[in-house]
Structures are given as C-alpha cells and as structure tokens.
Amino acid sequence: MIATVIFLLCCLLSTARILSEAPRPSSLATGDIAQRSDQRFAAVKAALPQRGVVGYVGDPGIPALGDYYLAQYALAPLVLDHSPNHSLVVGNFMTSPTSRELPAGLRLVTDFGDGVMLFAAKDAR
Amino acid sequence: MALALSAILLLSCGWLLVGLGWSRQAPLASDLLLRVCLSVGFGLGIFSAVFFLSLLFHFTRLMLVDLAVLALLLAGFFVLRTSTAITIVHGAEKEGNVPAWLHRALTAAFALVLFAALYAAIMRTLAHPHGDGWDAFSIWNLHARFLFRGGIHWRDGFTPLLPWSHPDYPLLLPAAVAHFWTHLGNDATAVPALISFLFTFSTAGLLYSALSILGGRVPAMLGGIALLSTPSFIEQGTSQYADVPLSFFILATIALLCLNDNREQNDPSHRYPGFLALAGLAAAGAAWTKNEGLLFLCAIVAARLVGVVRENSFGNWMARARQVVPLLAAMAPVLLLIAYFKHSIAPPGDLFSDPAATFHKLVDPARYWAIIKWYVKGFFRFGHWLLIPGTLVMIGFYFAAGKEADPKSQAGIRTSVLALILTLIGYFAVYLITPYDIYWHLRFSLTRLFLQVWPSSIFLFFLCIKNGNDMCGADTAVREFEP
C-alpha cells in the first residue's frame, strides 16, 4: 500500500508539470507559427499556378529550412523545389529583404511585403 | 454539423468492424469502453483506407462510398458475428476487501490526473491549431493538404523533390484527415487537432478498459494514472505527430492478443478467431500509420510464431495454424495497400540508399556505444517527468509489490513482451545504419520512439505485477459472456 501511495505521489508531481506547462488562456490570442505563415503566403498563393512545381529561394543556413517547410505547407498542393532554376520562384526572406540583392538570373515580379516575393527567370517570358 | 456527421459515420464504421470480432454478448461497462476506444482507431483506419482507395480509383462521391462501406459492415455485423460465449479469467476486486481510503485516493487521483490531462490537451490544441512541432506541418498535415487540395494531382505531394517531408511515410493519419476535410469542403485545422485528441484519450481509455477486464479496476486506475501523468504523452498526443496514434495501435494489438490468449487458456475447446483477427487489423493499422509500425508488425508476427511453436506440441499443425492464420489474414488487405503505396506512389526511403556505407556503419563499435548510452539516458528521460522518472517509479513499484506468480494471459504477455523487445532492437538497428548524423537522429526521435511503446509497456507491467487485486486482498473471478 505504501508503494501505491508513493507511486501516486510521483505521478501527481508530473501532473503538476503538465498543468504548469499548459499554455495560458492569455497566450492563445497570438496564433501559431503555421497559421501566421498561411496568412503571409496568402497573397503570393493567389498569383501562382494552382499546382505544379515552382522554385524557392530564401535565407541561407540550416535554421532557415524551417521557413521553407512553412512556405511549402502554406502553398500546397504546389510543390516548392528548393532551387532557383525554375521559371517562377518564390522568395521568402525573414531579414531586411529591401537591402538584399536579387538572386542571380531572377527578376522580381512582385514584392508582396513581409519578406515574401515572386521572381521569374530572366530568360523566361 | 458536417464534422459531427462524419464523426458519427466514423464511429459507426469502427464500432461495426470491432463488433465483427466480438461475440453477440451483452456489453458490460468496461467492455463498452474498450469497444468504443477500439472503434475510434479502427474507424479512422477505415476512413483512411476508403479515402486512399477512392483517390486510386477516382471515386468522387466519397459519401456514397462511405455509405456502401457502412452497409457492408452492417450486413457483416448481423450475419457473420459469432454467438460463441467468450470466457475470460480476470481479476475482480471485492469492493469490501479494498481499503476504503485507498480506493478513494485512487479514484480521486485518477479523476485529477484525467482532468489535468484533458485541460492541458485542450489548451495545447487551442494554442497550436496546426500542430506543435515541425513534423506536424512538414510531414503529416502537409501530406493531408496534398491529398485534399491536390485533386487528381494528389500524387504531387509524394515527389522526391520533398525528401524532408518523408513522402514514403504511410497515410493513415493524412488520409483520415483528408477524408474529413472532403466531407467538410474545407481544410479546417479542427480536424487533425480533433483526431490527435481522440487518439490520445482513446489510448488512455483502451489501457484503462483492457487492464480493467484482464487485471481489475485497481491496476486499471494505476495504469491510467501512469500514462496520463506522463507529460510527453500529452505533449506528443496533441502535437499532431503520428507517434501517439502508433502507440494506440501497438497497445490495441497487444491488448487483443492478451484477451485472445486469456480466452484460449481458459476455454481451449471453443474456436473463436475474433480477437486474433482484430489484433491483426490493429497491427496492420500500426504499419499504415508509420514505418516503425511496419517494424512492430514484423515483430509481433515473429513473436507469435515463436510462441505458437513453443507452446504447441510438434505435429499439431492445425492447432498452430488456428493461432496464426486469423492474425495474418486480417493483416493481409492492409499490407497489400501499404505495398501498393510503397511500390507505386512513394519514392524509395533513404535508409538503404548506400549499401557500402550501411555495412561500414554496422561494423563501427562507436555507433553501438553511442546508441546504448542514448537508450539508457532515454529510458529515464523520455517522459519529461518532474523530478522522479516514471520508469524509475515503476521499477521501485515492482520491487515493492512483486511479480504476479501466475499472471493471466501468460502466452499473450510473453508474445507481447518479445514483440516489444524485437521492436526496440529494430529501432536500434535503424539508428545504426541511419543516413543522418546519428546524434542528431537520436536527439530528435528517440524519446518519441520510446513513447510509442510506453502505453503497451504500462499495460504489460500492470498485468504482470502483484499490485491491485492481491495487494488489496481481492481474488480473481471468471466472467462468462453469454450470447
């Protein structure tokens, strides 16, 4: 019986962690990362074909891969190939996009703001 | 409204499928809970398979297909169900022998833990409607979006251009989500969130109800408390990953095997393949949920074959076949579906892409040592418990309470323990040959792999331990379900 009581107390300790780490009602209003990403890409999505494969360029480095995954999630069923070698290329930049040089071989078609851009290959019509 | 109707349709399909494997018996309270929890998982499995087949065969009237499946199941339910009595030996407390204070403490703790888990799950779901963590929207919900939004081009989502989205992962979750979305006409975030929620609490309900039948109410409550107070179970359960759904199917397979073997031990004269067939379906559900489930399916089949050969006299082939064939027969249709998906739709996985490098890794002792160290660390850490690891608490409880001298469902327990050990060995082998950096891979997946077998481990632990009934002075009882 003592073992059962100790067992229960240990479990209740962890239940305290479950409760303490649960999001507070006040934090629910901020929206989650995927929801914000869906909103960020809503405008460029309307300018892209409904399906097929387009290119993708974004910030360099491993941490920016998450931004690529979010862009793909927002734009599905369009496939985003992480490469600039396509006639249409989605740009996704988190930091100071205005001062950034355009990727070589691409021309800016539309800047949708908030770091989201649409490029076209210079040799494409 | 459409969501509620779809949910009713799903539960009806699941209920009828589970009913096909059950006898025509009057449901008792704990059996009712067991069947409802199984119905959730099996219903989602049916929804997933129906949606996938509808895409393959270009059926656009999904509701008509659903109704046809429902009608078939209904016909099977009334025509094929057996009326054989099922006799199960189980622990039943005599309420008078359980100290009142302990009973009250257990009930209060169970209620507290359940409400805390429900509260945390709801808050986490509201805070992260698309799922909490990269895998939710880079794998599972992304695949669901491709299936739903892609129309006739749904295969685009399974292109080698997106290797990070693991396009070779099976489709139980994404196709079930897309099925709901098709009924709704939009890709509401409520659907994957609700499915995650259902899987989480159905796993807890399944654990409680199966332990209640086979062990008694005290171990059932202890098991339920152990699972629902595991912080990472609630975190993962609401993250919209596939690990908790997989844990559901692993537990369902093991619980049904134990029910079957308990019945076999108690009443070998009556043939009753229902539980075994449902166990096969549950194992196939695991394989249709995640690649690790395929590993578990192989492990359970191997363990079952070992058990059958060990426990039957040589030469008695018919008896052996009866204990394996229903399991395999029920798996077969889903395995065909998985084989088609892997062969014709999904690009090859990355695990065996470089045989020379794989061999080199297999003979590198440093990799073995690294995995062993992480397994030991993970054993104590994976639940994200506060202060005292749950695994340590259970080891302490084992030494304090002792092992059941003659646990019920012995054959089922042995088979299940062997299957879980083989599954963990399989995970070990995958880490050995992983094409990724081994430390990165261990860091980001090992705790989830342990979580996959955690509900089943709790189930087997409380079946084997001398806890509830003996501790509280209760004895065992035989319950017979008459037609």
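Residues numbered from 1 in each chain as written. Chains lettered and ligands numbered in written order. Predicted model: local features only at pLDDT ≥ 70, side-chain atom pairs only at ≥ 80, totals over all residues.

A. Expanded view of the overall build of chain B. Of the regular secondary structure elements, chain B holds 20 helices and 2 strands. Sorting the 483 residues of chain B into buried and exposed places 51% on the buried side. (Helix = DSSP H or I, 4+ residues; strand = E, 2+ residues; numbered from the N terminus. Buried ≥ 20, exposed ≤ 12 C-beta atoms within 10 Å, placed from the backbone.)

B. Broad picture of the overall build of chain A. Of the regular secondary structure elements, chain A holds 4 helices and 5 strands. Starting at the N terminus and walking to the C terminus, you meet the elements of chain A as α-α-α-β-α-β-β-β-β. Within chain A, the fraction of its 125 residues that count as buried is 31%. Long-range pairs, those at least 24 residues apart, make up 64% of the contacts in chain A between residues at least 6 apart in sequence. (Contact = placed C-beta atoms within 7 Å.)

C. Just the interface of chain A and chain B, in detail. Across the contact, 34 residues belong to chain A and 49 residues belong to chain B. When contributions to the side of chain A that touches chain B are tallied by element, the ones reaching two or more residues are helix H1 (2–20), helix H2 (33–40), helix H4 (65–75) and strand S2 (78–81) of chain A. Per-element tally for the side of chain A that touches chain B: the top contributor is H1(A), with 14 residues. Tallied by class, the residues present in the side of chain A that touches chain B amount to 22 nonpolar, 7 polar and 5 charged. (Nonpolar A, V, L, I, M, F, W, Y, C, P; charged D, E, K, R; others polar.)

D. Inspection of the nonpolar core at higher detail. Residues and elements named next belong to chain B. Counting 167 residues, the largest nonpolar core has Leu206, Leu207, Ile225, Ala255, Ala283 and Phe459 as the members making the most contacts within it. Here this core gets 14 residues from one element, more than from any other, and that element is helix H2 (residues 29–56). Excluding its chain neighbours within four sequence positions, the residues that come into contact with leucine 206 are Leu34, Cys37, Leu38, Phe248, Leu251, Ala252 and Ala255. (Core = buried A, V, L, I, M, F, W, Y, C linked by C-beta atoms within 7 Å.)

E. A look at the environment of Asn85(A). Mapped onto the elements, Asn85(A) comes out in the loop between S2 and strand S3 (88–92). As for Asn85(A) and Gly55(A), which are separated by 30 residues in sequence, their C-alpha atoms are 6.4 Å apart.

F. Representation of the packing of helix H10 (residues 243–266) of chain B against helix H11 (residues 274–289) of chain B within the structure. Residue and element names in this part refer to chain B. H11 packs onto H10 with a crossing angle of 165° between their chain directions and a minimal axis gap of 8 Å. It follows from the interaxial angle that H10 and H11 lie roughly antiparallel. Relative to H11, the crossing made by H10 is left-handed. Packed against H10, whose contacting residues are Pro245, Leu246, Phe249, Ile250, Ala252, Thr253, Leu256, Leu257, Leu259, Asn260 and Arg263, the element H11 presents Phe275, Leu276, Leu278, Ala279, Ala282, Ala283, Gly285, Ala286 and Thr289 at the interface. Taken together, the residues that form the contact of H10 with H11 break down as 15 nonpolar, 4 polar and 1 charged. (Axes fitted to C-alpha atoms, helices over the stretch in contact; angles between N-to-C directions. Parallel < 35°, antiparallel > 145°, perpendicular 65-115°, else oblique. Left-handed = near helix turned anticlockwise from the far one by under 90°.)

G. Structural detail: helix H5 (residues 134–149) of chain B. Residue Asn141(B) marks the point of greatest curvature in H5(B), where the axis turns by about 40°. In the segment just after H5(B), Gly151(B) is the residue with positive phi, at about 60°. (Bend = angle between axes of the 7 residues up to and from the residue.)

H. View of the pairing of strand S1 (residues 52–58) of chain A. All names here are of chain A. Direction of pairing for S1 relative to S2: parallel, over a ladder of 4 bridges. Bridge pairing links glycine 55 to aspartate 81 in S2. Here 4 bridges tie S1 to S3, and the two strands are oriented parallel to one another. Note that in S3 the partner of tyrosine 56 across the bridge is valine 90. (Pairing = 2+ DSSP bridges.)

I. Quick peek at the sheet that holds strand S5 (residues 116–121) of chain A. Residues and elements named next belong to chain A. The strand order across the open sheet formed by 5 strands is S2-S1-S3-S5-S4, and the pairing between neighbours is mixed. Among the strands making up the open sheet, the edge pair consists of S2 and strand S4 (106–113). For this sheet, the mean inter-axis angle between neighbouring strands, taken without regard to orientation, is 30°.

J. Inspection of helix H18 (residues 410–433) of chain B at higher detail. Over its 24 residues, H18(B) runs 35 Å from end to end, which matches the ideal 34 Å to within 8%, given 1.5 Å per residue. Against the buried residues of H18(B) lie H10, helix H12 (291–311), helix H16 (365–381) and helix H19 (438–464) of chain B. (Expected span 1.5 Å × (residues − 1).)

K. View of the environment of Leu206(B). Within the fold, Leu206(B) resides in helix H7 (residues 190–214). Taking C-alpha positions, Leu206(B) is 41 Å from Pro365(B), a pair spaced 159 residues apart along the chain.

L. Inspection of unusual backbone geometry at higher detail. Of note, the amide linkage connecting Ala76(A) to Pro77(A) takes the cis form, showing an omega dihedral of 15°. One non-glycine residue, His384(B), lies in positive phi territory at about 60°. Note on placement: His384(B) falls in the loop between H16 and helix H17 (390–401). Residue His384(B) is classed as buried on the basis of its C-beta count, with 20 C-beta atoms lying within 10 Å. A positive phi is found at Leu387(B), a non-glycine position, where the angle reads about 65°. Leu387(B) sits in the exposed class, given 9 other C-beta atoms within 10 Å.

M. Spatial organisation of the environment of Phe197(B). For Phe197(B), the location among the structural elements is in helix H7. Discounting residues that sit within four places of it in the chain, Phe197(B) has contacts with Ala121(B), Thr125(B) and Thr238(B).

N. The arrangement of the packing of H10(B) against H18(B) in detail. Residues and elements named next belong to chain B. It is at 7 Å that the axes of H10 and H18 come closest, and there the two elements cross at 150°. When the axes of H10 and H18 are compared, the pair comes out roughly antiparallel. The segment H10 lies against H18, with Ile254, Leu257, Cys258, Asn260, Asp261, Asn262 and Gln265 engaging Ala411, Gly412, Ile413, Thr415 and Ser416. In the contact of H10 with H18, the residues fall into 5 nonpolar, 6 polar and 1 charged.

O. Local environment of the confidence of the model for chain A. The predicted model of chain A has a mean per-residue pLDDT of 85, with 90% of residues at 70 or higher. Of all helices and strands in chain A, the one with the weakest mean pLDDT is H2(A) (84), whereas S2(A) scores best (94). (pLDDT = per-residue confidence, 0-100.)

P. Inspection of the confidence of the model for chain B at higher detail. Residue and element names in this part refer to chain B. Looking at chain B as a whole, its pLDDT mean stands at 87, while 89% of the residues score no less than 70. Mean pLDDT across the elements of chain B bottoms out in strand S2 (residues 475–481) (48) and peaks in helix H6 (residues 172–184) (96). Note on residues 471–477: pLDDT under 50 across the span, and 26 contacts to partners over four residues away in sequence or across chains. For this predicted complex, the interface confidence comes out at an ipTM of 0.91, alongside a pTM of 0.92.

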